[in-house]
Amino acid sequence: MDQRRVDPRGALVRPYAVTRGRTEPRQDIALEAVLMASLTQVAESRFAGHDKHRIATVCEGRAQSLAEIAAYTRMPLGVARVLVADMVAESLLTLHTAAPAEGFEERMELLGRVLSGLRRL
């Protein structure tokens, strides 16, 4: 194999190119927030670009958290946050927040329980 023709970076695309230079999402979406895509949303996402279609496909018919979407698509979390927020704003994903409405203390308790559960795995 000719070593001059092999690029060790592979098909690397810089994260800022995927998000068009944006680093902040349109809306704040928690890592544990649940996202889903219907068949119609997946079909519409084909016209929104390859990365958004991949995300919609991952969420088709099954609930996924923002963290799971980033892992399954092998996207940096920051890139996934921006794209997912765009998709929620464009109605290509349905957001079901997992955070309690009561406030900060209750949210911290929920995160503590999630962390405790993850440690038991």
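For the structure itself, consult the block above.
What you are looking at is a predicted structure, and each value in this text was computed from that prediction instead of being measured. (Residues numbered from 1 in each chain as written. Predicted model: local features only at pLDDT ≥ 70, side-chain atom pairs only at ≥ 80, totals over all residues. Heavy atoms only, no water.)

All right, on to the sheet that holds strand β2 (residues 64–65) then. Ordered in space as β2-β1-β3, the three strands form an open sheet in which the pairing is antiparallel. The sheet is open, and its two borders are formed by β2 and β3 (94–96), each paired with just one other strand. Here strand β1 (residues 34–36) runs beside β2; their pairing, made up of two bridges, is antiparallel. In the strand pairing of β2, leucine 35 is matched with glutamine 64. (Pairing = 2+ DSSP bridges. Helix = DSSP H or I, 4+ residues; strand = E, 2+ residues; numbered from the N terminus.)

Before going further, it helps to spend a moment on the packing of helix α4 (residues 66–73) against helix α5 (residues 77–89). As a packed pair, α4 and α5 sit with axes 9 Å apart at the nearest point and diverge in direction by 115°. Between α4 and α5 lies a crossing whose hand is right-handed. Touching Leu66, Ala67, Ile69 and Ala70 of α4 are Leu77, Ala80, Arg81 and Val84, all from α5. (Axes fitted to C-alpha atoms, helices over the stretch in contact; angles between N-to-C directions. Left-handed = near helix turned anticlockwise from the far one by under 90°. Contact = heavy atoms within 4.5 Å.)

According to the stated counting rule, one finds three salt bridges in the structure shown. The closest approach of N and O atoms between arginine 54 and aspartate 51, which form a salt bridge, is 3.8 Å. Of the two residues, arginine 54 and aspartate 51 both sit in helix α3 (residues 50–58), three residues apart, roughly one turn of that helix. Linking lysine 52 and glutamate 90 is a salt bridge whose minimum nitrogen-to-oxygen distance equals 3.1 Å. With a gap of 38 residues between them, lysine 52 in helix α3 and glutamate 90 in the loop between α5 and β3 connect regions that are remote in the sequence. Judged by its relative accessible area of 12%, lysine 52 is buried. (Salt bridge = Lys/Arg side-chain N within 4 Å of Asp/Glu carboxyl O. Buried < 20%, exposed > 50% of the residue type's maximum accessible area, 1.4 Å probe, protein only.)

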